[in-house]
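Examination of the molecular architecture
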Amino acid sequence: MAGPVQRRRRRMPLAPVVRAVRRPPGPPDTTSGQPNAPGNHGVVDWALYVEGRRASVASHQEAVQRARAGEGFVWVGLFEPTQGELAAVAADFGLHPLAVEDAVNAHQRPKLDVYDNGLFMVLKTVRYVPHEGVTETSQIVETGEVMVFLGAHSVVTVRHGEHGQLGHVRQRLEQLPEFMAHGPAAVLHGVCDAIVDDYVAVTDRLEDDVDEIEAAVFSQRGARDIGRIYQLKRELMELRRAVTPLVVPLGQLAQRPSPFVDKQVRKYLRDVEDHLVRVAETVAGFDELLATVVQASLAKLSIAENEDMRKLAAWAAIFAVPTAIAGIYGMNFRHMPELTWRYGYEVVLAFIVVACLLLYRGFKRSGWL
């Protein structure tokens, strides 16, 4: 059953470069085979990009020196680094200590911090957890985090969580040297675009769950599904916490001039911002719809209970007639009406049956039975 919230898909015509940056299904991140990579297992991949192309360098130190000399930029990708691993990278690129602390601890709200030597952006990643149906304990949305340190000649990405890999983003961007030539901001765009794409995919899948719950509420046992509705609403809140707070930071990147974000890249970021706003509106609509569904379910449950009470009261009134007559004639008084009449027993039984039938007919017509 289609709900009042319509599915919002990405229909806007995009530039060829942006289409190429869109994420296809790709392999997970793999550890770089380059020699002398910084740190240890926390580093997923690193490279020096000169004029948008991956350059061949002998060591990480050489890559950093060439980037500082203006020969390109370095992109280092890390996965759940320790304090020491991230400190080594921070020393090479002059990352702000407050931002480094946030990147190690994770569990940050989506935000954008501006420092003298760069930007620090936090984004929430989401993944739809497949399931046969929504239950009171279903996990539907799984979240992670990606932090991006953006400098004039460097970009450092830090990922937390088993999903949201960025290997496919690097692969796609490396196929677009003309876009990568815009510098580290091109990487930031690719990361934001891939994450927002995931938002769209999860929102589309969640719509099916919302429709299922909405249809179930008006089924015979729908009023008993309060637990399922509440669980879906909680999982939707996880998605909302990832999407809604990101609208303002991404808007700042797309609209406000910055020495770290090329003007041409801001145009593409505006496109990503538009898609993010649409997702945020869709998620808000789902949340409002589920709130209405909860109210409808409670109202239906209250009506059902009232109907049950009316049926019980009607049957109690019907059975009160034979109970009262039997109680009267069971009091064992010697002198009572019709005790010695030959047809007294039959007359009393007939009276009970007729009275019960009349009461049943009256309650049936009034809708109590």
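Residues numbered from 1 in each chain as written. Predicted model: local features only at pLDDT ≥ 70, side-chain atom pairs only at ≥ 80, totals over all residues. Heavy atoms only, no water.

The packing of two helices is summarised by the inter-axis angle and the distance between the axes. At a minimum axis separation of 10 Å, helix 8 (residues 226-243) and helix 10 (residues 263-329) run at an interaxial angle of 160 degrees. Relative to helix 10, the element helix 8 lies roughly antiparallel. Between helix 8 and helix 10 lies a crossing whose hand is left-handed. (Axes fitted to C-alpha atoms, helices over the stretch in contact; angles between N-to-C directions. Helix = DSSP H or I, 4+ residues; strand = E, 2+ residues; numbered from the N terminus. Parallel < 35°, antiparallel > 145°, perpendicular 65-115°, else oblique. Left-handed = near helix turned anticlockwise from the far one by under 90°.)

Judged by nonpolar contacts, the single largest core of 63 residues is most densely connected at Met-121, Tyr-199, Leu-206, Leu-239 and Leu-253. With 16 residues, the single largest contributor to this core is helix 7 (residues 184-217). Those residues in contact with Met-121 that lie beyond four places of it in its chain are Lys-111, Leu-112, Val-146, Met-147, Val-148, Leu-188, Cys-192, Leu-246, Pro-249, Leu-250 and Leu-253. Among the nonpolar cores identified, the runner-up in size contains 28 residues, and Leu-48, Val-76, Leu-78 and Val-100 belong to it. (Core = buried A, V, L, I, M, F, W, Y, C linked by side-chain atoms within 4.5 Å. Buried < 20%, exposed > 50% of the residue type's maximum accessible area, 1.4 Å probe, protein only. Contact = heavy atoms within 4.5 Å.)

The sheet built from seven strands is open, its strands ordered 2-1-3-7-6-5-4 with mixed pairing. In the strand order of this sheet, the two ends are held by strand 2 (53-55) and strand 4 (111-115), each with one partner. Strand after strand, the sheet turns through a mean of 25 degrees between neighbouring axes, direction not considered. Where helix 3 (residues 83-93) meets the sheet, its contacts fall on strand 3 (73-79) and strand 7 (154-160), and the angle it forms with strand 7 comes to roughly 165 degrees. (Pairing = 2+ DSSP bridges.)

For the chain, the mean per-residue pLDDT works out to 82, and 86% of the residues sit at or above 70. Counting interchain partners and residues more than four positions distant, the pLDDT-below-50 stretch residues 1-36 has 95 contacts. (pLDDT = per-residue confidence, 0-100.)

Moving on, we get to the pairing of strand 4. Across five bridges, the pairing between strand 4 and strand 5 (residues 118-128) is antiparallel. Opposite Tyr-115, over in strand 5, you have Gly-118 as the bridge partner. Connecting the antiparallel pair strand 4 and strand 5 is a turn made up of two residues.

Quick look at the pattern of salt bridges now. Throughout the structure, instances matching the rule amount to 14 salt bridges. Notably, a salt bridge pairs Arg-170 with Asp-45, separated by 3.3 Å at the nearest N-O pair. Here Asp-45 lies in strand 1 (residues 43-50) and Arg-170 lies in helix 5 (residues 167-174), a separation of 125 residues in the sequence. Accessibility expressed as a relative area gives 6% for Arg-170, which makes it buried. We note a salt bridge from Lys-233 to Asp-287, for which the minimum N-O separation is 2.8 Å. Highlighted residues: Lys-233 in helix 8 and Asp-287 in helix 10, separated in sequence by 54 residues. For Lys-233, a relative accessible area of 22% gives the class partly exposed. Three or more residues are tied together by salt bridges with common partners; here these are Asp-45, Arg-54, Arg-170 and Glu-174. (Salt bridge = Lys/Arg side-chain N within 4 Å of Asp/Glu carboxyl O.)

Here we take up helix 2 (residues 60-68). Of the positions making up helix 2, those classed as buried are His-60, Ala-63, Val-64 and Ala-67. The buried residues of helix 2 occupy one face: seen down the axis, they fall within an arc of 95 degrees. Positioned one or two residues after helix 2, Gly-70 has a phi angle of 85 degrees, which is positive. (Arc of directions from axis to C-beta.)

Okay, helix 11 (residues 344-366) next. In this model helix 11 runs 33 Å from its N-terminal to its C-terminal C-alpha over 23 residues, within 8% of the 33 Å that 1.5 Å per residue would give. Buried within helix 11 we find Gly-344, Ile-352, Ala-355, Cys-356 and Phe-363. Among the residues trailing helix 11, Gly-367 stands out with phi positive, at a value near 85 degrees. (Expected span 1.5 Å × (residues − 1).)

In this structure, Glu-51 takes a positive phi of about 55 degrees despite not being glycine. Topologically, Glu-51 is positioned in the loop between strand 1 and strand 2. Residue Glu-80 is not a glycine yet carries a positive backbone phi of 45 degrees. As for its position among the elements, Glu-80 is in the loop between strand 3 and helix 3. Under the relative-accessibility criterion, Glu-80 is labelled partly exposed at 39%.

On to a nonpolar patch on the surface. On the surface, a cluster of nonpolar side chains totalling about 310 Å² of accessible area is made up of Trp-315, Phe-319 and Tyr-360. Relative to the helices and strands, Trp-315 resides in helix 10. Trp-315 sits in the partly exposed class, given a relative accessible area of 37%. (Patch = residues over 30% accessible without salt bridge, like charges linked within 9 Å, V, L, I, M, F, W, Y side chains within 5 Å. Areas by Shrake-Rupley, 256 points an atom, 1.4 Å probe, with all protein chains shown as cover.)

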